[in-house]
Amino acid sequence: MPSPARNSGLPADSRTRNSPAATPGASHGSAAAARAPGDGPGDGPGGGGAGSTAGSAAGGATGSAAEGATGSATGAAAPTSALKRATLLTLCACVLVAQSMVAAINLLIPQLGSSSLHLTHSDILWTVDAYVIAFAGLLIPAGALGDRHGRKGALLAGLALFAAGAATSALATGPALLIAGRGLSGAGAALITPATLSILVHLTTPEHRARALASWTLAIGLGGLAGNLGGGLIGQYLSWRALFAVMVPLAAVLAAAVALAVPRTARAARGNPDPLGTVLLTAGLVAVLFGIIEGPAYGWGSARIVAAFAAGALLVALFARHALRSPAPLFDPRVFARPRLRAATLGTATGFFGLFALFYVNSQYLQGVKGYGAALTGVAIVPLTVGMALVPKLAARWPDRPRPVIGGGLALIGLGLLGASTADAGTPYPLYACWLLVISAGTGLSMPALTVGVVTSLPPHQAGLGSGLGTSARELGAALGVAVTGTVLSAHRGAHALSDGMAPALRIVALLVLAATAAVVAGYGRDGGRDGGRERRTGRRTGPGAGPGAGRDGGRGAV
């Protein structure tokens, strides 16, 4: 894939972009890439952050979200027994493996750049981004596909695609096969992530769901951590092919576990897969993601980037028009008429916008400024996973007060970024780690309530689609965070470009996060809170797409 000459003003390690997940976390998931073969390993807790935050978001679907999404729809009976431990462990393991690949590749960039494949700057960029774009672009249709044609089948298909992509990359003899394998694995991850969350929602009763989703959250965080640690160790001691090779038997073991331990769940009543809507929406999201990811490299005003954004906007508009006229669309865009859903979507994107701005510079700072090695960098980002895994349990205690929880969490992310912007070569690591903990705690605090806003705005039989919507917002926000940070850094040149540009980049992002936080809190009005409470008490949905049938089913499920 041709690429113009990259801006070479930044030091090598500052040209490394972080990846998404979770995810977990595609997503992660998001816009991660390396700019030059000589780049230093460039992942912050990219996968860990995205993944674990995605997990935090999913884990937040407790309390009100859990109960609101419990009622069965389209005639499916509500679950009556607790989730089996083997099933929970299997689903969590699937997400952990998928999220680990979001982060690990960034720590192998030096090896890839010097490998016998003779990768160009553009090849390395696409090796990282292919997973991200496929993962984020296919999340919504993949979630809907699982809802309509079977979530267990979607999960097994995702594992098969993931393994096939890993095998292709491991055996690659040239850049094209390596990139194709990454894209195929990303498509598999897009099937895996919403399917696991949707299965958990359908198999658990309200009183057990909080614990199950907390475990799912922890798995996402551990996936990001495993990716950073594994990628760092492989980058120092093994060949880059080992990362992809080990995923093939691992995916096979997980597929066998899914076949044995995971039961099938009721499908959505509508059988129309809406192929036209799927193509329009996926192509539109891919075009927008391409524009965001490549903007700093090609220039925001370049013909290629302007065309990508224009094509994305046109395709999304065509999808909306098609969906409004179709009797069975991929999803009804009128759900966004609810202020709470709009605010929750903006809040999710805002949180990941801030996180991935940090991820973009985090490992570059630790390696290029502090002088850490790849393996030590993987350990040094652990504080970013702590709050994301633990704080959601605390946030679930206030399901009826989403505004202060969301506002407080997003504000902590913004304030933590302001604190991190003060770091330089002389900053002690424990002090820097404290700012990472603040950001991590803010993410874990806000994402549960934000997920509630998304989950309870869709009927329960569309749990996979809801997961896809939330994760897509995460990936778009993450990609934009990387793009904005990269653009600010590109204005600083010379040997100290990273250390000089890190502070203004993080300050700008922090101010944008705080401004967006005010908009999210304003949009998350009191009516949204009352709606959530009403859903928990009656099982009835009050948002678009929740007709009388959904309300009655929800009532039976809640009872």
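Only a predicted model underlies this, so the values are computations on that prediction, with no experimental measurement involved. (Residues numbered from 1 in each chain as written. Predicted model: local features only at pLDDT ≥ 70, side-chain atom pairs only at ≥ 80, totals over all residues. Heavy atoms only, no water.)

1. Let's talk about the overall build of the protein chain
Phase 1 of the analysis: Within the protein chain, the regular secondary structure consists of 20 helices and 0 strands.
Phase 2 of the analysis: Entry remark: accessible area of the protein chain is about 18,400 Å², with carbon and sulfur atoms responsible for 67%. (Helix = DSSP H or I, 4+ residues; strand = E, 2+ residues; numbered from the N terminus. Areas by Shrake-Rupley, 256 points an atom, 1.4 Å probe, with all protein chains shown as cover.)

2. Considerations on unusual backbone geometry
Phase 1 of the analysis: Its identity as a non-glycine residue notwithstanding, H118 has a phi of 55 degrees, on the positive side.
Phase 2 of the analysis: Its place among the elements puts H118 in the loop between α4 (109-113) and α5 (121-149).

3. As for a nonpolar patch on the surface
Phase 1 of the analysis: A surface patch of nonpolar side chains, about 350 Å² in accessible area, is lined by L233, Y237 and L238.
Phase 2 of the analysis: Examined against the element boundaries, Y237 turns out to sit in helix α8 (residues 206-237).
Phase 3 of the analysis: Its relative accessible area of 61% is what places Y237 among the exposed residues. (Patch = residues over 30% accessible without salt bridge, like charges linked within 9 Å, V, L, I, M, F, W, Y side chains within 5 Å. Salt bridge = Lys/Arg side-chain N within 4 Å of Asp/Glu carboxyl O. Buried < 20%, exposed > 50% of the residue type's maximum accessible area, 1.4 Å probe, protein only.)

4. Focus: the nonpolar core
Phase 1 of the analysis: L358, L417 and Y432 are the most contacted members of the largest nonpolar core, which totals 58 residues.
Phase 2 of the analysis: When near neighbours in sequence (up to four residues on either side) are disregarded, L358 contacts L384, L417, A420, Y432, L436, I439 and L506.
Phase 3 of the analysis: Among the nonpolar cores identified, the runner-up in size contains 55 residues, and L88, A154, I234 and A251 belong to it. (Core = buried A, V, L, I, M, F, W, Y, C linked by side-chain atoms within 4.5 Å. Contact = heavy atoms within 4.5 Å.)

5. Focus on helix α6 (residues 151-170)
Phase 1 of the analysis: Here α6 spans 28 Å end to end across 20 residues, near enough to the 28 Å set by a 1.5 Å rise per residue.
Phase 2 of the analysis: The complete set of buried residues in α6 reads R151, K152, A154, L155, G158, L159, F162, A163, G165, A166, S169 and A170. (Expected span 1.5 Å × (residues − 1).)

6. Re the packing of aromatic side chains
Phase 1 of the analysis: Tallying each qualifying case throughout the model produces 8 aromatic pairs.
Phase 2 of the analysis: Ring geometry for Y131 and F135: centres 6.3 Å apart, planes at 35 degrees, overall tilted. With a gap of 4 residues between them, Y131 and F135 both fall in helix α5, about one helical turn apart. As far as the burial class goes, Y131 and F135 line up, both buried.
Phase 3 of the analysis: Of the aromatic side chains, those joined through ring pairs into one cluster are W126, F290 and Y298. (Phe/Tyr/Trp six-rings, centres within 6.5 Å; stacked < 30°, edge-to-face > 60°.)

7. Notes on the environment of F135
Phase 1 of the analysis: Relative accessible area serves as the criterion here: at 1%, F135 is assigned to the buried category.
Phase 2 of the analysis: For F135 and G183, which are 48 residues apart along the polypeptide, the C-alpha to C-alpha distance reads 7.9 Å.

8. Focus on the packing of helix α12 (residues 339-369) against helix α15 (residues 402-420)
Phase 1 of the analysis: Close contact between α12 and α15 brings their axes to 10 Å; oriented N to C, the two are set at 15 degrees. Relative to α15, the element α12 is oriented roughly parallel. The way α12 lies across α15 gives a crossing that is left-handed. For the pair formed by α12 and α15, the contact residues are G347, G351, G354 and L358 on the first element and L410, I413, L417 and A420 on the second.
Phase 2 of the analysis: Of the residues that constitute the contact of α12 with α15, the class distribution is 5 nonpolar, 3 polar and no charged. (Axes fitted to C-alpha atoms, helices over the stretch in contact; angles between N-to-C directions. Parallel < 35°, antiparallel > 145°, perpendicular 65-115°, else oblique. Left-handed = near helix turned anticlockwise from the far one by under 90°. Nonpolar A, V, L, I, M, F, W, Y, C, P; charged D, E, K, R; others polar.)

9. Observations regarding the confidence of the model for the protein chain
Phase 1 of the analysis: Across the protein chain, the average pLDDT comes to 73, with 72% of residues at or above 70.
Phase 2 of the analysis: Summarising per-element confidence for the protein chain, the mean pLDDT is lowest in helix α20 (residues 548-558) (34) and highest in α6 (93).
Phase 3 of the analysis: Low pLDDT (under 50) marks residues 1-82, which in the prediction has 381 contacts with non-local residues, meaning those over four places away or in another chain. (pLDDT = per-residue confidence, 0-100.)

10. Concerning the side chain of S440
Phase 1 of the analysis: Mapped onto the secondary structure, S440 falls in helix α16 (residues 429-455).
Phase 2 of the analysis: According to the relative accessible area criterion, S440 is buried, its value standing at 0%.
Phase 3 of the analysis: In this view, S440 contacts P383, L384, T385, V386, G387 and M388; residues no more than four positions away in its chain are not counted.

11. Observations concerning the packing of helix α10 (residues 275-298) against helix α11 (residues 303-325)
Phase 1 of the analysis: Where α10 contacts α11, the two axes come as close as 8 Å, and the packing angle between them is 155 degrees. In terms of axis orientation, α10 runs roughly antiparallel to α11. You can see that α10 and α11 cross each other, and the crossing is left-handed.
Phase 2 of the analysis: Residue composition of the contact of α10 with α11, grouped by class: 17 nonpolar, 6 polar and 2 charged.

12. Quick look at the environment of V95
Phase 1 of the analysis: Mapped onto the secondary structure, V95 falls in helix α3 (residues 85-104).
Phase 2 of the analysis: Sequence separation of V95 and T193 is 98 residues, and the distance between their C-alpha atoms is 6.1 Å.

13. Remarks on α3
Phase 1 of the analysis: Here α3 spans 28 Å end to end across 20 residues, near enough to the 28 Å set by a 1.5 Å rise per residue.
Phase 2 of the analysis: Burial analysis of α3 places 15 of its 20 residues in the buried class, the great majority of the element.

14. A short note on the layout of surface pockets
Phase 1 of the analysis: The space that makes up the largest pocket amounts to roughly 370 Å³.
Phase 2 of the analysis: Around the largest pocket sit 19 residues that line it, and I140, L281, L285, V316 and F336 are the ones nearest its centre.
Phase 3 of the analysis: Listing elements by their share of the lining of the largest pocket, those giving two or more residues are α10, α11, α12 and α17 (463-490).
Phase 4 of the analysis: Top element by residues in the lining of the largest pocket is α11. It accounts for 5 residues. (1 Å grid on protein atoms, 1.4 Å probe; cavity = no way out; pocket = protein on both sides within 12 Å on 5 of 7 lines; lining within 4 Å. Points joined across faces, edges and corners; volume = space filled by probe spheres on them.)

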